[in-house]
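Now for the letters of each chain:
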Amino acid sequence: MGGDKFEKEDYDRARELVRDPEGKWMQYADRILNEIDPHVVKMTALNLGFEAFFYGTKRINQMRKIHNCNIPWLLLVDPTSACNLHCTGCWAAEYGNRLNLSYDELDSIITQGKELGVYLYMYTGGEPLVRKDDIIKLCEKHNDCEFHAFTNGTLVDDAFCEEMRRVGNLSLSISLEGFENANDGRRGDGCFDRVMEAMDRLKAHGLIFGTSICYTRNNVEAVTSDEFLDMIIEKGCRYAWYFHYMPVGNDAAPELMPTMEQRTYMFHRVREIRAMEGGKQLFAFDFQNDGQFVGGCIAGGRNYCHINPNGDVEPCVFIHYSGANIREVSLLDALKQPLFMAYREGQPFNDNLLRPCPMLENPEKLQEMIARTGAKSTDLQCPESAAHLCGKCEAYAKEWQPVAEELWSAEMEKKQEKEEKKAERKAEKQRTESAHTGMHHQAKG
């Protein structure tokens, strides 16, 4: 109807994948079909595939035009600030450990979101599974939505796995910092073993899960090693979300930010992991180095935003400033707050999409937006000024700029070569069709 948007090489590549049962992605698909519960597969296909990707995207685009503001594709919500662990350097602790959004408030957020076309909801915290009964109830009530929780994994038991299987529309990302020594050094003795047990349970119940990995100067090589990846794949992980360490909070440790060599390594390594040929049977995504695939910064409601357990609607899970609270205004009005509109006006914050963030790579941009919009710190224990936060990123941003420019230039050269080859194939196709048409007319004459 809208014309064929795929090239011949796309179809050829797809045929090759299907014809090669030993290929990485065919084996990946086979494992999903063989290991995941059929009801979970069906609900994920309907809710994530149809409702979120197809219907939701169409509705969101309509709402953006009508309301002239960013409408997110997903909402990241903290049901609670409470947690059963006390991890070193956890920025979630800034909110205190006794803040909660009630079930009715969570239900209202989802109901309002669906009216705007949002059908994907992610939970973080705190530890969201402290509220697992309410999360299951929300999965039941909004069974046309897909839900996802970022969890430390220690509260995953067989009873909860069975509830996840029953509703079918909840998946998990389990936080993991590396092998036992690295992980337990931050999260506490025994946490690694409990995570391994949680993965075994989730796999046995046929559920979809992956990992959430914060990479730092101390663990970047370990969490991308063949040994580590093979381990989590064997455990049943389907994906790995990589998050660059952000120096958020007054007690943050900027010295944990990766070196330029390590970030460059991550740029190449994640692409190796998910490569069509070779690599691992795991979908990996690096939110800082994959900006080119999502148009740069996705925060401020452009693709997502964050609602903390006090109800403050923040542009990003790492940007703790806001001018709107969901307990005082509607979700739509929160998306129209001055800070979010400033995000909308400024995105992308850099033409080089390997420098996407207004804090980490463009710290002057966030400071300017906070000053101009009057957004306040949402840290209820020890407010951090934008100047203090961004000051920790200035040296890093300056050092990363020339490295990012070199990488970006190489990416643009590859893109240009691909476009030139595509144009050549199109021209050759047109010449062939013209020749066939001419021969047909001659034969007819």
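Being a predicted model, the structure only gives us computed values, none of them experimental.

## Quick word on the overall build of the protein chain
Inference 1: Across its full length, the protein chain holds 15 helices and eleven strands.
Inference 2: Counting the 445 residues in the protein chain, one finds 53% classified as buried.
Inference 3: If you take every contact in the protein chain between residues at least 6 apart in sequence, the share linking residues at least 24 apart comes to 74%.
Inference 4: Only carbon and sulfur atoms are counted for the fraction: they give 53% of the accessible area of the protein chain, which is about 20800 Å².

## Some points on helix α6 (residues 158-167)
Inference 1: Among all positions in α6, only F160, C161, M164 and V167 are buried. Projected down its long axis, α6 carries its buried residues within an arc of 135°, all on one side.
Inference 2: Those residues of α6 hidden inside the fold are in contact with α3 (38-67), α5 (132-141), β4 (170-175) and α8 (191-204).
Inference 3: At the exit of α6 stands G168, carrying a positive phi of roughly 80°.

## A look at the packing of helix α12 (residues 338-346) against helix α13 (residues 363-373)
Inference 1: It is at 9 Å that the axes of α12 and α13 come closest, and there the two elements cross at 140°. On the basis of their axis angle, the class for α12 and α13 is oblique. Considering the relative orientation of α12 and α13, their crossing is right-handed. Contacts between α12 and α13 involve P338, L339, A342, Y343 and E345 on the former and, on the latter, L366, M369, I370, R372 and T373.

## Regarding the pairing of strand β5 (residues 209-215)
Consecutive side chains along a regular strand alternate between the two faces of the sheet.
Inference 1: Along β5, six of the seven residues are buried, which leaves the element largely enclosed by surrounding structure.
Inference 2: Bridge analysis of β4 against β5 gives four bridges, and the strand direction is parallel. Each residue of the ladder has a partner; that of S175, found in β5, is S212.
Inference 3: Inspection of the sheet shows β5 paired to strand β6 (residues 239-244) by five bridges, in the parallel sense. Across the sheet, T211 pairs through a bridge with A240, a residue of β6.

## So, a nonpolar patch on the surface
Inference 1: Nonpolar side chains collect at one region of the surface, where F50, F54 and Y55 lie side by side and expose about 320 Å² of accessible area between them.
Inference 2: Relative to the helices and strands, F50 is located in helix α3.

## Some words on the packing of aromatic side chains
Inference 1: Inspection of every chain in the model, using the stated rule, returns 16 aromatic pairs.
Inference 2: Where W25 meets Y28, the ring centres are 5.1 Å apart and the plane angle is 75°; that geometry is what we call edge-to-face. You can see W25 and its partner Y28 sitting in helix α2 (residues 24-35), three residues apart, about one turn around the helix. Comparing W25 with Y28, the two get one shared label, buried.
Inference 3: Centre to centre, the rings of F150 and F243 are 6.2 Å apart; their planes meet at 75°, and the pair counts as edge-to-face. One end of the pair, F150, is in strand β3 (residues 146-151); the other, F243, is in strand β6, with 93 residues separating them in the sequence. For the pair shown, F150 and F243 are each scored as buried.
Inference 4: Here a set of aromatic residues connected by ring pairs shows up, and it is made of F150, Y239, W241, F243, F283, F285 and F287.
Inference 5: Its end group placed over the ring of Y103, K137 keeps NZ or CZ at 4.2 Å from the ring centre.
Inference 6: The lysine or arginine in question, R263, covers the ring of W400, its NZ or CZ lying 4.1 Å from the ring centre.

## Describing a negative patch on the surface
Inference 1: Residues E413, E417, E419, E420 and E424 make up a contiguous surface patch of negative charge.
Inference 2: Inspection of the secondary structure puts E420 in helix α15 (residues 394-444).
Inference 3: Given the relative accessible area of 42%, E420 is considered partly exposed.

## Some words on the confidence of the model for the protein chain
Inference 1: Chain-level statistics for the protein chain give a pLDDT mean of 90 and a share of 88% at 70 or above.
Inference 2: Residue range residues 1-8 is modelled with pLDDT below 50. Its contacts to residues more than four positions away, or to other chains, number three contacts.

## A few points about the environment of W400
Inference 1: Tracing the chain through its elements places W400 in helix α15.
Inference 2: A relative accessible area of 0% places W400 in the buried class.
Inference 3: It is 9.8 Å that separates the C-alpha atoms of W400 and L360, two residues lying 40 residues apart in sequence.
Inference 4: What W400 contacts, discounting residues up to four positions off in sequence, is M260, R263, T264, N289, L354, R355, E361 and L407.

## Side note on the pattern of salt bridges
Inference 1: Counting across every chain of the model gives 26 salt bridges.
Inference 2: D37 is the partner of R165 in a salt bridge, and the nearest nitrogen-oxygen pair spans 3.8 Å. Placement of R165 in helix α6 and of D37 in the loop between α2 and α3 is noted, with a sequence separation of 128 residues between them.
Inference 3: Residue R165 is classed as partly exposed on the basis of its relative accessible area, which comes to 25%.
Inference 4: With a shortest N-O distance of 2.7 Å, E428 and R431 are connected by a salt bridge. A residue pair is termed a helical-turn pair when its members lie 3 or 4 positions apart in one helix, as E428 and R431 do in helix α15 at three residues.

## Remarks on the nonpolar core
Inference 1: By size, the foremost hydrophobic cluster in this structure holds 119 residues, and its most contacted members are L176, L202, Y242, Y343, M359 and L366.
Inference 2: In terms of residue count, α8 provides more of this core than any other element does, six residues in total.
Inference 3: Beyond its immediate stretch of four places on either side in the chain, Y343 contacts C297, A299, G300, P315, I319, F349, P358, L366 and M369.

Criteria and cut-off values
Residues numbered from 1 in each chain as written. Predicted model: local features only at pLDDT ≥ 70, side-chain atom pairs only at ≥ 80, totals over all residues. Heavy atoms only, no water. Helix = DSSP H or I, 4+ residues; strand = E, 2+ residues; numbered from the N terminus. Buried < 20%, exposed > 50% of the residue type's maximum accessible area, 1.4 Å probe, protein only. Contact = heavy atoms within 4.5 Å. Areas by Shrake-Rupley, 256 points an atom, 1.4 Å probe, with all protein chains shown as cover. Arc of directions from axis to C-beta. Axes fitted to C-alpha atoms, helices over the stretch in contact; angles between N-to-C directions. Parallel < 35°, antiparallel > 145°, perpendicular 65-115°, else oblique. Left-handed = near helix turned anticlockwise from the far one by under 90°. Pairing = 2+ DSSP bridges. Patch = residues over 30% accessible without salt bridge, like charges linked within 9 Å, V, L, I, M, F, W, Y side chains within 5 Å. Salt bridge = Lys/Arg side-chain N within 4 Å of Asp/Glu carboxyl O. Phe/Tyr/Trp six-rings, centres within 6.5 Å; stacked < 30°, edge-to-face > 60°. Lys NZ or Arg CZ within 6 Å of the ring centre and 35° of its normal. Lys, Arg positive; Asp, Glu negative; His and termini not counted. Charge placed at Lys NZ, Arg CZ, Asp CG, Glu CD. pLDDT = per-residue confidence, 0-100. Core = buried A, V, L, I, M, F, W, Y, C linked by side-chain atoms within 4.5 Å.

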